[in-house]
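# Architecture at a glance
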Amino acid sequence: QVQLVESGGGLVQAGGSLRLSCAASGRTFSSYAMAWFRQAPGKEREFVAGISRPGTITYYAGSVKGRFTIARDNAKNTLALQMNSLKPEDTAVYYCAATRAIMVQRTSAEYDHWGQGTQVTVSS
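For the structure given in this document, a descriptive report is provided here. (Residues numbered from 1 in each chain as written. Predicted model: local features only at pLDDT ≥ 70, side-chain atom pairs only at ≥ 80, totals over all residues. Heavy atoms only, no water.)

## Observations regarding the sheet that holds strand S8 (residues 78-83)
Across the sheet, four strands lie side by side as S1-S3-S8-S7; this open sheet has antiparallel pairing. Of all the strands in the sheet, the pair left with one neighbour each is strand S1 (4-7) and strand S7 (68-73). Taking each pair of neighbouring strands and ignoring which way they run, the sheet shows an average axis angle of 15 degrees. Here four bridges tie S1 to strand S3 (residues 18-24), and the two strands are oriented antiparallel to one another. Paired with Leu4 across the strands is Ala24, a residue of S3. (Pairing = 2+ DSSP bridges. Helix = DSSP H or I, 4+ residues; strand = E, 2+ residues; numbered from the N terminus. Axes fitted to C-alpha atoms, helices over the stretch in contact; angles between N-to-C directions.)

Dropping the structure here:
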């Protein structure tokens, strides 16, 4: 079992940067593949980025590739998402999620544990 708590959201102007963090409880963090999802008002939750259990393989949605970077520190039980060159369309609630699946999954239904979410708002 793992519990997840996100932080770092806020209001930023277009072109700015934010860094999201996700703190995980428990001793089994390294046994989960991790991901960030986001959900904008009136839209479905969508995959943003994912990272393998040891942190050696990363995956990105096409809309954020080259602008966002996902990273994890298994010794500190933390997951991060560095977001650069933010756009108004990046506005959403961002969630970190954990899955026992061996590989990173791009479907939210594959994730067993979720944080409460953190709001990111990008103004134009």
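## Observations concerning unusual backbone geometry
Despite not being glycine, Asn77 has its phi angle at roughly 55 degrees, a positive value. Among the structural elements, Asn77 can be located in the loop between S7 and S8. Given the relative accessible area of 17%, Asn77 is considered buried. With a phi close to 50 degrees, Ser85 is a non-glycine residue in the positive phi region. Along the chain, Ser85 falls in the loop between S8 and strand S9 (92-99). Classification of Ser85 as partly exposed rests on a relative accessible area of 40%. (Buried < 20%, exposed > 50% of the residue type's maximum accessible area, 1.4 Å probe, protein only.)

## As for the packing of aromatic side chains
The geometry of two aromatic rings is summed up by the distance between their centres and the angle between their planes. Tallied over the entire structure, the rule returns five aromatic pairs. With a centroid separation of 5.1 Å and an interplanar angle of 75 degrees, the aromatic rings of Phe37 and Tyr111 are classed as edge-to-face. Of the two residues, Phe37 is situated in strand S4 (residues 33-39) and Tyr111 in the loop between S9 and strand S10 (113-114); the sequence distance between them amounts to 74 residues. Residue classification places Tyr111 among the buried positions, given a relative accessible area of 5%. Seen in terms of ring centroids, Tyr95 and Trp114 are 6.3 Å apart; in terms of plane orientation they differ by 80 degrees. Their pairing is edge-to-face. On the criterion of sequence distance, the pair formed by Tyr95 in strand S9 and Trp114 in strand S10 is long-range, its members being 19 residues apart. Judged by its relative accessible area of 13%, Tyr95 is buried. Given a relative accessible area of 26%, Trp114 falls into the partly exposed group. An aromatic cluster is present here, built from Phe37, Phe47, Tyr95, Tyr111 and Trp114 joined pairwise through their rings. One residue, Arg72, lies across the ring of Phe29, its end atom 4.5 Å from the ring centre. Sitting above the plane of the Tyr32 ring, Arg100 keeps its charged end 4.5 Å from the centroid. (Phe/Tyr/Trp six-rings, centres within 6.5 Å; stacked < 30°, edge-to-face > 60°. Lys NZ or Arg CZ within 6 Å of the ring centre and 35° of its normal.)

Treat this as a map of the structure, not an account of what it does.
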